[in-house]
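Structural characterization, general
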Amino acid sequence: MSSKPLLKLESIAEENPHYLDPEEYPGWREHFGNDRPITLEIGFGNGNFLLDMAVRFPEYNYVGMDFYHKGIRRLFTRLQRLGLENIRVAYGDAKEKVPFLFQEGELAEIYINFPDPWPKKRHHKRRLIKPHTVACFREKLAPEGRLRLATDHEPYAMEMLEILNQDSGLRNLHPAPGFTNLREDIPRTKYEKNFLNQGKTIYYLDYVKVPTA
Ligand SMILES: C[S@@+](CC[C@H](N)C(=O)[O-])C[C@H]1O[C@@H](n2cnc3c(N)ncnc32)[C@H](O)[C@@H]1O
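A short tour of the structure in this document, coming up. (Residues numbered from 1 in each chain as written. Predicted model: local features only at pLDDT ≥ 70, side-chain atom pairs only at ≥ 80, totals over all residues. Heavy atoms only, no water.)

**Points about the overall build of the protein chain**
Looking only at helices and strands, the protein chain features eight helices and eight strands. Over its C-alpha atoms the protein chain spans a radius of gyration of 17 Å, differing by no more than 12% from the 17 Å that the globule rule assigns to 213 residues. Taken along its principal axes, the extent of the C-alpha atoms in the protein chain is 55 × 45 × 35 Å. With 213 residues in all, the protein chain has 51% of them scored as buried. Contacts spanning at least 24 positions in sequence make up 78% of the contacts within the protein chain whose residues lie at least 6 apart. (Helix = DSSP H or I, 4+ residues; strand = E, 2+ residues; numbered from the N terminus. Rg over C-alpha atoms; globule rule 2.2 N^0.38 Å. Buried < 20%, exposed > 50% of the residue type's maximum accessible area, 1.4 Å probe, protein only. Contact = heavy atoms within 4.5 Å.)

Laid out in structure tokens, this is it:
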């Protein structure tokens, strides 16, 4: 019995104007053909949240960044069916590519939902949230732009809280203890639904970029 071959990422790249493997600033205004505010999701996984957001908020443009091939293929299958024009997928590692992918102040929002916690101590260096990555993400946000994160991993939540609170260009939107365990204004991600079904506590962190004088 012959099985249908999985669609290769390269063929998506060739055929699909919504896919980028960027090596330089793409010029988002020209790329989207409009100047709507841009939201970035780093690590979109299977892309559920990105798609749901793009449907719910058509007045925004969405850029998703990930390097998970299976997730990208799944997202494109559904994207084709839905025919959404306000999504682009930028392939790659956010640590390497966000520095050149957006101009200063170009993003309205950044979402980082359930970043890999790398629980083993010797792997902590691989975590996405570090003072220098936060400084980079903050630089890309417009004044009053939002950085929103979620994790089920308490130690990583506390580490992120400490790093983010120390960035003087960001203001924490939650009073002490500095996070909330409920986020109901936006769609749920795949991981979020799974963790909630398991009864796990989720830590939501929300920051706004402090406008400079
Ligand atoms: C734990 S999954 C969460 C997926 C999704 N956000 C959700 O909540 O269902 C983490 C995702 O982040 C991606 N990822 C990890 N590090 C990344 C990086 N440096 N740049 C871009 N994506 C990354 C992984 O490939 C994976 O798809």
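**Details of unusual backbone geometry**
Note the cis peptide between Ala176 and Pro177, where omega equals 10°. Within the secondary structure, Pro177 sits in the loop between strand S7 (170-172) and helix H8 (190-197). Unlike most non-glycine residues, Phe114 shows phi in positive territory, near 55°. Of note, Glu144 is a non-glycine position whose phi angle comes to about 75°, a positive value.

**A closer look at the pairing of strand S2 (residues 38-42)**
Side-chain direction in a regular strand flips from residue to residue, so the side chains alternate between the two faces of the sheet. Of all five residues in S2, five are buried, a share of seventy percent or more. Alternating residues of S2 divide into Ile38, Leu40 and Ile42 and Thr39 and Glu41, and every residue in both groups is buried. Judged from the five bridges that link them, S2 and strand S3 (residues 61-66) form a sheet pairing that is parallel. Bridge pairing in S3 places Thr39 opposite Tyr62. Assessed by its sense of winding, the connection that carries the chain from S2 through helix H3 (residues 48-56) to S3 is right-handed. Here five bridges tie S2 to strand S5 (residues 107-113), and the two strands are oriented parallel to one another. Bridge pairing in S5 places Ile42 opposite Ile112. (Pairing = 2+ DSSP bridges. Right-handed = clockwise from strand over helix to strand, strands pointing away.)

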